[in-house]
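# Report on the structure
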Protein chains: 2
Amino acid sequence: MKTYFDCFPCFFHQTKRTGELLEIDENTIWKLLKGVSKILSEADINCPPPKTASFVYDFISRTLRNPDPFRHLKRESIEHALSLFKKVRARIHESSDRLESAIRYAAAGNVIDYGISSDFDLLNELDTVANREFFKWEYHEFLKDLKDAPWVLILGDNCGESVFDRLLIEELKRPVYYAVRGAPIINDVTKEDAISSGIGEVAKIVSTGCKAPGIVFDWCSREFLDLFKSAPLIISKGQGNFETLSDKGLSIYFLFKIKCTVVAKYLSCPLGSLYFGKSLVIS
Amino acid sequence: MKTYFDCFPCFFHQTKRTGELLEIDENTIWKLLKGVSKILSEADINCPPPKTASFVYDFISRTLRNPDPFRHLKRESIEHALSLFKKVRARIHESSDRLESAIRYAAAGNVIDYGISSDFDLLNELDTVANREFFKWEYHEFLKDLKDAPWVLILGDNCGESVFDRLLIEELKRPVYYAVRGAPIINDVTKEDAISSGIGEVAKIVSTGCKAPGIVFDWCSREFLDLFKSAPLIISKGQGNFETLSDKGLSIYFLFKIKCTVVAKYLSCPLGSLYFGKSLVIS
């Protein structure tokens, strides 16, 4: 997916929100906004937004001299999710279709986000997801593909969400590789965060080698690209991964919440919709 | 008023909307957005937003090689307003307090805007303004000041709105100078537009000498500044003039509709409020 006009103001909103979330002084927020302006003046708009987001958040990190500015928010998200873990697992275990239920809760977990918006309500999302209608729900096709898949690759997204991904991994009943960002960016899950989320106990954690809040092939490691190409089944979590992979004609199950008007328009669906299925968009 | 964080994304929204309003091709809109990014990276945030807006719209004009890109929209606004002129004048003449009524319709006319938003409903505004509660309504103080004022200076704002300003001028019952922008910018009223609006028949039209969509003293002509300083009573129309003059400690009656969240927050009032009175904000 390429960059759309409305992505430009969104990068400012993200920068401002980051400044406020991290309780940064006004002068520094201005420094960030002006630096981001310069980045946007040179941005390649044919790239998906997460590629430009890498430059934006890298600039924020460098300006703040903090390689992981969202560290405490990521930790909080993981701890909050872990406090709900047993309850959600019990719900999944009690449901008539545990895998379906686990997919739903993994989608609900995707509501956690400090990039696009920090205004989310995890508890409400978890309470309602069992009965929510998904904009796309290719569950039966997925079951068929899963049957033939000796192992699965999950592309992780955000911290906290990662805790509920563990429950999905448990229900897949086969080996799983869980791909994480190559370095901290926004509240995206890194190796350390995945371990804190308990993923290490149920899957092999692998790095994409790429710091972007999405999968930018040019920036991924050779090892990850080999794994990606050989994966019999891929579940891609989150909007950032969707934005970078949606138009590549790949047979990937995207599982995410549609969080911005640009992606909603791209998919012709209402903002806030839940999505589980392949992408039919071809660039 | 200085520039606020939310002004930055707004400049992008304005640029995008301008591109769409003027039916500009996608590549050129991107050129505009990237050029505006560069302008913002160098912007002086201690200035009021209309000063930066001058650079933004000047860049748009130069890129489009069109010194007056909103010309046809300005003409449409004036013609639309002129088609309503007699009806509104009749309403004012029928009202129990003609001056009060004229002030209300002059405020309603301020809804016309192609800068901050192009999503306005003039007819609805005109139909409801007679009974609307203003956020600030210093009418009685204004009457006292008017009594002692041999002449009045009105700072004009947008085309179309200018037609209803004529009705206000008629009710002031004394000589009026009507100040217009020194050159075309957005849909702001210039000398030519003021004449088309019928202002020339009831007031002396003067140029500020400044192209900004507001009053930037540094850019105004000596003649205008002398007039401004000697004016016994000033009515400032529109948000752009408010943004540039609100914190100067001047005894000016601002008459406008609050069209953006930044100004609404600045004044601690709801978005869409109507305002008629002096500003108590001191920078």
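Residues numbered from 1 in each chain as written. Chains lettered and ligands numbered in written order. Predicted model: local features only at pLDDT ≥ 70, side-chain atom pairs only at ≥ 80, totals over all residues. Heavy atoms only, no water.

### Looking at the overall build of chain A
On a plain count of helices and strands, chain A comes out with twelve helices and seven strands. Expected size for 283 residues packed as a compact globule is a radius of gyration near 19 Å; at 18 Å, chain A falls within 12% of this value. With respect to the three principal axes, the spread of C-alpha positions in chain A is 55 × 40 × 35 Å. With 283 residues in all, chain A has 63% of them scored as buried. For chain A, the share of sequence-separated contacts (at least 6 apart) that also reach a separation of at least 24 residues comes to 72%. Accessible surface, chain A as shown: approximately 11600 Å² in total, 51% of it carbon and sulfur. Averaging the positions of the 37 positive and the 38 negative side-chain charges in chain A gives two centres separated by 2 Å. (Helix = DSSP H or I, 4+ residues; strand = E, 2+ residues; numbered from the N terminus. Rg over C-alpha atoms; globule rule 2.2 N^0.38 Å. Buried < 20%, exposed > 50% of the residue type's maximum accessible area, 1.4 Å probe, protein only. Contact = heavy atoms within 4.5 Å. Areas by Shrake-Rupley, 256 points an atom, 1.4 Å probe, with all protein chains shown as cover. Lys, Arg positive; Asp, Glu negative; His and termini not counted. Charge placed at Lys NZ, Arg CZ, Asp CG, Glu CD.)

### What about the packing of helix 4 (residues 71-94) of chain B against helix 5 (residues 98-109) of chain B?
Any two packed helices are characterised by the angle at which their axes cross and by the distance between the axes. At a closest axis distance of 7 Å, the pairing of helix 4 of chain B and helix 5 of chain B adopts a crossing angle of 145°. Of the residues in helix 5 of chain B, those touching helix 4 of chain B at B:Val88, B:Arg91, B:Ile92 and B:His93 are B:Arg98, B:Ser101, B:Ala102 and B:Tyr105. (Axes fitted to C-alpha atoms, helices over the stretch in contact; angles between N-to-C directions.)

### Thoughts on empty space enclosed by the protein
Residue and element names in this part refer to chain A. Enumeration over the complete set of coordinates arrives at three cavities of 30 Å³ or more. Considered as a void within the structure, the largest cavity measures approximately 60 Å³ in volume. In terms of lining, the largest cavity is formed by Tyr57, Asp58, Ile60, Ser61, Pro67, Asp68, Pro69, Phe70, Pro184, Ile185, Ile186 and Lys211. (1 Å grid on protein atoms, 1.4 Å probe; cavity = no way out; pocket = protein on both sides within 12 Å on 5 of 7 lines; lining within 4 Å. Points joined across faces, edges and corners; volume = space filled by probe spheres on them.)

### Section: the sheet that holds strand 3 (residues 176-180) of chain B
All names here are of chain B. The strand order across the open sheet built from seven strands is 1-7-6-5-2-3-4, with neighbouring strands paired in mixed fashion. Because the sheet does not close on itself, it has two edges, and the strands there are strand 1 (136-137) and strand 4 (204-207). As paired strands, strand 3 and strand 4 are joined by four bridges and run parallel to one another. Residue pairing for strand 4: tyrosine 178 is matched across the bridge by isoleucine 205. Seen against the sheet, helix 8 (residues 161-172) touches strand 2 (152-155), strand 3, strand 5 (234-237) and strand 6 (253-257) and runs at an angle of roughly 160° to strand 3. Running over the sheet, helix 10 (residues 222-230) touches strand 2, strand 3, strand 4 and strand 5 and is turned about 125° from strand 2. (Pairing = 2+ DSSP bridges.)

### Overview of the packing of helix 1 (residues 7-21) of chain B against helix 2 (residues 26-41) of chain B
All names here are of chain B. Closest axis-to-axis distance for the helix 1/helix 2 pair is 10 Å, and the angle between their directions is 155°. The orientation of helix 1 relative to helix 2 falls into the category roughly antiparallel. The crossing of helix 1 and helix 2 is right-handed. The residues of helix 2 that touch helix 1, namely those facing Phe8, Phe11, Phe12, Thr15, Lys16, Gly19 and Glu20, are Ile29, Leu32, Leu33, Val36, Ser37 and Leu40. Of the residues in the contact of helix 1 with helix 2, the class split is eight nonpolar, three polar and two charged. (Parallel < 35°, antiparallel > 145°, perpendicular 65-115°, else oblique. Left-handed = near helix turned anticlockwise from the far one by under 90°. Nonpolar A, V, L, I, M, F, W, Y, C, P; charged D, E, K, R; others polar.)

### Re the pairing of strand 2 of chain B
Residues and elements named next belong to chain B. What you see with strand 2 is no split at all: Val152 and Ile154 on one side and Leu153 and Leu155 on the other are buried throughout. Where strand 2 lies against strand 3, four bridges are found, and the strand directions are parallel. In the strand pairing of strand 3, leucine 153 is matched with tyrosine 177. On the question of chirality, the crossover connecting strand 2 to the parallel strand 3 by way of helix 8 is right-handed. Two elements, strand 2 and strand 5, share three bridges in a ladder whose sense is parallel. (Right-handed = clockwise from strand over helix to strand, strands pointing away.)

### Here we look at the interface of chain A and chain B
Taken together, the contact pairs 24 residues of chain A with 24 residues of chain B. Roughly 2200 Å² of surface becomes buried between chain A and chain B when both sides are summed, with 73% attributable to carbon and sulfur atoms. In this structure, the connection of chain A to chain B is made through six residue pairs in polar contact (both at pLDDT 80 or more). Contributing elements (two or more residues each) for the side of chain A that touches chain B: helix 1 (7-21) and helix 2 (26-41) of chain A. Looking at the side of chain A that touches chain B, the element that brings in the most residues is helix 2 of chain A, giving nine residues. Residues of the side of chain A that touches chain B, tallied by class, amount to eleven nonpolar, four polar and nine charged. (Buried area = accessible area lost by both parts, 1.4 Å probe. Polar contact = N/O pair within 3.5 Å; in protein donor to acceptor, adjacent residues only side chain to side chain.)

### Description of the domain arrangement of chain A
Residues and elements named next belong to chain A. Per the domain assignment, the segments of chain A are domain 1 (7-64) and domain 2 (71-277). Computed over C-alpha atoms only, the centres of domain 1 and domain 2 are separated by 25 Å. Counting from both sides, the interface comprises 14 residues of domain 1 and, opposite them, 20 residues of domain 2. Both sides of the domain 1 and domain 2 interface together cover about 1300 Å² of buried area, and 68% of this is carbon and sulfur. For the pair domain 1 and domain 2, the interface holds two salt bridges. Of the charged contacts, one joins aspartate 58 and lysine 211 as a salt bridge, the two residues approaching to 2.9 Å between their closest N and O atoms. Scanning the region where domain 1 abuts domain 2 turns up one residue pair in polar contact (both at pLDDT 80 or more). The set of elements that each furnish at least two residues to the side of domain 1 that touches domain 2 consists of helix 1 and helix 3 (49-64). (Domains from an automatic or database assignment. Salt bridge = Lys/Arg side-chain N within 4 Å of Asp/Glu carboxyl O.)

### Description of the state of the cysteines
Put plainly, a disulfide is one covalent bond tying together the sulfur atoms of two cysteines. Residue and element names in this part refer to chain A. All told, the structure shown has zero disulfides over all chains when counted by the stated rule. No disulfide involves cysteine 10; its sulfur sits 6.2 Å from that of cysteine 260, the nearest cysteine. With no disulfide of its own, cysteine 220 lies 4.5 Å from the sulfur of cysteine 210, the closest cysteine sulfur. (Disulfide = S-S within 2.5 Å.)

### Considerations on the relation of the copies chain A and chain B
The transform that puts chain A on chain B rotates by 180° and translates by 0.0 Å along the axis, for an RMSD of 0.0 Å. One copy is carried onto the other by what is essentially a two-fold rotation axis. Looking at the interface residues of chain A, 100% of them are also at the interface in chain B, so both copies use one shared face. (Least-squares fit on C-alpha atoms with pLDDT ≥ 70 in both.)

### So, the sheet that holds strand 4 (residues 204-207) of chain A
All names here are of chain A. With respect to topology, seven strands assemble into an open sheet ordered 1-7-6-5-2-3-4, the strand pairing being mixed. The open sheet has two free edges, formed respectively by strand 1 (136-137) and strand 4, since each of these has just one partner strand. Where strand 5 (residues 234-237) lies against strand 6 (residues 253-257), three bridges are found, and the strand directions are parallel. Paired with lysine 237 across the bridge in strand 6 is leucine 255. Sheet strands in contact with helix 8 (residues 161-172) are strand 2 (152-155), strand 3 (176-180), strand 5 and strand 6, and its direction is about 160° off that of strand 3. Helix-sheet contacts for helix 10 (residues 222-230) involve strand 2, strand 3, strand 4 and strand 5, and the interaxial angle to strand 2 is about 125°.

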